[in-house]
Amino acid sequence: QVQLVESGGGLVQPGGSLRLSCAASGIIFRITAMGWYRQAPGKQRDLVAVITSDGRTSYADSVKGRFTISRDNAENALYLQMNSLKPEDTAVYYCNALVKNMPTLSNSGFGSWGQGTQVTVSS
């Protein structure tokens, strides 16, 4: 089974930075596209960043220029560097393996959902 464990969230002031991590198992990680999703209370879960097996990336307009997705295939690890954080970035952040190994937000996670990690941006 695909298992995903997110970590690194916390409380940060506007303009601050956080680095999220995701540990993946149950997949051949090196050939699998990965993505970060976020879900605010009462809202749908949206894919905000994608990275293919060979490092090609795509970002939602809401995070473009502020967030950077990366991966370490030797460690089966996925990361999301978040800079210039805004209150509207407040959400639970989830990672998942993606069906299509292409740098597109038109993609779908196929693993089970982890608990996510809470990011709160507030002064």
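Attention in this report is confined to the structure presented alongside it. (Residues numbered from 1 in each chain as written. Predicted model: local features only at pLDDT ≥ 70, side-chain atom pairs only at ≥ 80, totals over all residues. Heavy atoms only, no water.)

So, the sheet that holds strand β7 (residues 67–72)
Within a sheet, each strand pairs with its neighbour through backbone hydrogen bonds, oriented either parallel or antiparallel.
Alright, step 1. Strand order across the open sheet formed by 4 strands is β1-β3-β8-β7, with antiparallel pairing between neighbours. The sheet is open, and its two borders are formed by β1 (3–7) and β7, each paired with just one other strand. Strand-to-strand twist across the sheet, computed as the mean angle between neighbouring axes with direction ignored, equals 15°.
Alright, step 2. Where β1 lies against strand β3 (residues 18–25), 5 bridges are found, and the strand directions are antiparallel. Each residue of the ladder has a partner; that of Q3, found in β3, is S25. (Pairing = 2+ DSSP bridges. Helix = DSSP H or I, 4+ residues; strand = E, 2+ residues; numbered from the N terminus. Axes fitted to C-alpha atoms, helices over the stretch in contact; angles between N-to-C directions.)

A look at the sheet that holds strand β6 (residues 57–59)
Alright, step 1. Sheet architecture is open: 6 strands sit in the order β2-β10-β9-β4-β5-β6, paired in mixed fashion. Both outer strands of the open sheet, β2 (10–12) and β6, are each paired with one neighbouring strand and no more. The average angle at which neighbouring strand axes cross in this sheet is 25°, direction not considered.
Alright, step 2. Of the pairings in the sheet, the one linking strand β9 (residues 91–97) to strand β10 (residues 117–121) comprises 3 bridges and is antiparallel in character. Bridging across to β10, V92 finds its partner in Q118.

Here we look at the packing of aromatic side chains
Alright, step 1. Counted by the stated rule, this structure contains 2 aromatic pairs.
Alright, step 2. Where Y37 meets W113, the ring centres are 4.9 Å apart and the plane angle is 90°; that geometry is what we call edge-to-face. With Y37 in strand β4 (residues 34–39) and W113 in the loop between β9 and β10, the pair connects residues that are 76 residues apart, well separated along the chain.
Alright, step 3. For Y37, a relative accessible area of 6% translates into the label buried.
Alright, step 4. When the ring of Y94 is compared with that of W113, the centres are 5.9 Å apart and the planes differ by 80°; the resulting orientation is edge-to-face. (Phe/Tyr/Trp six-rings, centres within 6.5 Å; stacked < 30°, edge-to-face > 60°. Buried < 20%, exposed > 50% of the residue type's maximum accessible area, 1.4 Å probe, protein only.)

With respect to the state of the cysteines
Alright, step 1. What the rule picks out here adds up to 1 disulfide.
Alright, step 2. The disulfide that involves C22 links it to C95, with 1.9 Å between the sulfurs. A torsion of 70° about the S-S bond marks the disulfide between C22 and C95 as right-handed. One end of the pair, C22, is in strand β3; the other, C95, is in strand β9, with 73 residues separating them in the sequence. For the pair shown, C22 and C95 are each scored as buried. (Disulfide = S-S within 2.5 Å.)

A closer look at the side chain of R66
Alright, step 1. Within the element layout of this structure, R66 appears in the loop between β6 and β7.
Alright, step 2. Given the relative accessible area of 11%, R66 is considered buried.
Alright, step 3. Polar contacts involving the side chain of R66 include one to the main-chain carbonyl oxygen of S84, which spans 3.1 Å.
Alright, step 4. A polar atom in the side chain of R66 sits 2.7 Å from the side chain of D89. (Polar contact = N/O pair within 3.5 Å; in protein donor to acceptor, adjacent residues only side chain to side chain.)

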